[in-house]
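Each chain, written out:
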Amino acid sequence: MSKPHILVARKIFPEVIERLTQHFEVYANQDDNLWTQAELIERLQGKDGALLTGTQPVNAELLAACPQLRIAANMTVGYNNFDIAAMTAAGVQGTNTPDVLTETTADFGFALLMATARRITESEHYLRAGQWTRWSYDMFAGCEVHGSTLGILGMGRIGQGIAKRGAHGFGMNVIYHNRSRLSPALEAECKARYVGKDELLAQADHLVLVLPYTPESHHAIGAAEIARMKPTATLINIARGGIVDDAALAQALKERRIAAAGLDVFEGEPAVHPALLEVPNVVLTPHIASATVPTRLAMAQLAADNLVAFFDGRGALTPVNT
Ligand code: DGY
C-alpha cells in the first residue's frame, strides 16, 4: 500500500522530518521559503496531509482547491488560521499542540511582564547608547510587580500558569475574566478571583492577554478598554495581535494613558504598527513566547504524532474539530 503524502510547509527539526519519512512520502520546505496562498495550494496538490506552523490559512478557497487533503496539523496551540466550519464541512481534520508549550509560554508571559514593568529593555538601550553618566533617584523607576494586582483575560492553561506564577511566586492578587468560570478547585490552585471584564480593566496593575483569537475577540482591547485601565497599568499581549487595536494602544502609550505595554504578537505580523516603534514605553518581541528548543521540538513532534495517529486509523491525538 502506498504511503500517504505529506507537505511540511515550513522548515522544522530534521529529526521530526526523519520520523515523518518513516511513515509518509514527505515534501518538506527545508529551504523555509515563504509561500503565498497560491503557492501553498500548488504544493498541496496530491497531498493527503499538511504540517503547518499556524500562519497558513486553511480556508474554503484552499479546501476547494485541495480535495485530497484530509488533515492539517498545526505545530501551534492557536489555530486561528483554520476556518473550522469549512474544514469540518470538507471533512478535513484540524489538530493543534496544546499542553506541551503551556509552562514555557507562561514563563515568557511573566518575563515580558517583568521586562515591561521594570523597564528592562528601555534601560538597556540607554546604557548601550552611552547615556548613563550618573545615578538619579527616579532613573527608570518602573511599576511594582510583587503584591500588585495581576489581571488575566483568558484563563485557559497558559492563563492558569501565569496566575500561579503571579500568586505563588510574587504574592500578587490575581483576578481573571474568561468565557466560563474555572471550577472552585482550579480557582483555589491559581489563587484567582473571577471578575467581570470592566472590573478586570479597572483593577489590574498588569493586564495579561491569553485568550484565543476569534471574531468575538477581535480588538477586545481598543481605545475604550484602555481608557478604563489605570494610568499606572501595563498591558501584556502574548495571545494574538488582532486582539489589541495596536493603533489605539500606540496612541495611549504616547499620551501615557497607561504606563507601558509588552507585546509578543501583532496584527499583521511580522509587520509592526509603525507608531508602536516610535514609543519608548513598549517592549516588543517577535512572537517567541513558546520559543525554547525543547518546547518547539515537542510541538513539532506532537504535530507529527497527530499525522501518524490519524493515518494509522487511531484518530488525531489533539483534534480541534471532530
Ligand atoms: C501558538 O502555539 O499558538 C504560539 O502562538 C506559536 O508559538
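Please read these numbers as outputs of a predicted model, since none were measured by experiment.

A look at unusual backbone geometry
Then step 1. The step from Glu269 to Pro270 runs through a cis peptide bond, and the omega angle for that step is 15 degrees.
Then step 2. Phi angles above zero are rare outside glycine, and Lys191 is one such case at about 50 degrees.
Then step 3. Here the phi dihedral of His287 falls at roughly 50 degrees; this positive angle occurs in a residue that is not glycine.
Then step 4. In this structure, His287 sits in the loop between strand 12 (282-284) and helix 13 (293-312).

With respect to the UniProt feature "domain: D-isomer specific 2-hydroxyacid dehydrogenase catalytic" (unreviewed entry) in the chain
Then step 1. In the numbering used here, UniProt assigns the "domain: D-isomer specific 2-hydroxyacid dehydrogenase catalytic" (unreviewed entry) feature to residues 6-321.
Then step 2. Secondary structure within residues 6-321 divides into 38% helix and 15% strand; the distance between the first and last C-alpha atoms comes to 20 Å.

Describing the sheet that holds strand 4 (residues 71-74)
Then step 1. Pairing within the open sheet is parallel, and its five strands lie in the order 2-1-3-4-5. Edge strands, defined here as strands with exactly one partner in the open sheet, are strand 2 (25-28) and strand 5 (93-95). If you compare each strand with its neighbour and ignore which way they point, the axes differ by 15 degrees on average.
Then step 2. In this sheet, strand 4 lies alongside strand 3 (residues 49-52) in parallel orientation, the contact comprising four bridges. Bridging across to strand 4, Leu51 finds its partner in Ala73.
Then step 3. Across the sheet, helix 1 (residues 14-21) touches strand 1 (5-8) and strand 2, and the angle it forms with strand 2 is around 150 degrees.

Examining the site of the ligand
Then step 1. Every residue lining the ligand is accounted for by Gly54, Thr76, Val77, Gly78, Leu101, Ala289 and Ser290.
Then step 2. Classifying every residue of the shell around the ligand by side-chain character gives three nonpolar, four polar and no charged.

Digging into the sheet that holds strand 11 (residues 260-263)
Then step 1. The seven strands lie next to each other as 8-7-6-9-10-11-12, forming an open sheet whose pairing is parallel. The sheet is open, and its two borders are formed by strand 8 (192-194) and strand 12, each paired with just one other strand. Strand-to-strand, the axes of this sheet are offset by a mean angle of 20 degrees, without reference to chain direction.
Then step 2. Sheet analysis places strand 11 next to strand 12, joined by three bridges and oriented parallel. Its bridge partner lying in strand 12, Ala261 is registered against Val282.
Then step 3. Along the sheet, helix 5 (residues 102-117) makes contact with strand 9 (206-209), strand 10 (234-237), strand 11 and strand 12, crossing strand 10 at roughly 150 degrees.

Conventions and cut-offs
- Counting restarts for each chain, with residues numbered from 1 along the sequence as it is written.
- Thresholds applied to this predicted model are a pLDDT of at least 70 for local features of residues and 80 or more for the giving and counting of side-chain atom pairs; totals over whole chains, interfaces and linings are not thresholded and use all residues.
- Under the scheme used here, helices are H or I runs from DSSP no shorter than 4 residues and strands are E runs no shorter than 2 residues, and both carry numbers assigned from the N terminus.
- UniProt positions are given in the numbering used here, feature names are shortened, and annotations may be inferred rather than shown by experiment.
- Paired strands, in this sense, are two strands between which DSSP finds at least two bridges.
- What counts as an axis is a line fitted to C-alpha atoms, over the stretch in contact for a helix, and the angles between N-to-C directions run from 0 to 180 degrees.
- Any two residues are considered in contact once their C-beta atoms, placed from the backbone, lie within 7 Å.
- By convention here, the C-beta atom is placed from the backbone, and a residue is near a molecule or strand when that atom is within 6 Å of it.
- Nonpolar residues are Ala, Val, Leu, Ile, Met, Phe, Trp, Tyr, Cys and Pro. Charged residues are Asp, Glu, Lys and Arg, and all others, Gly as well, are polar.

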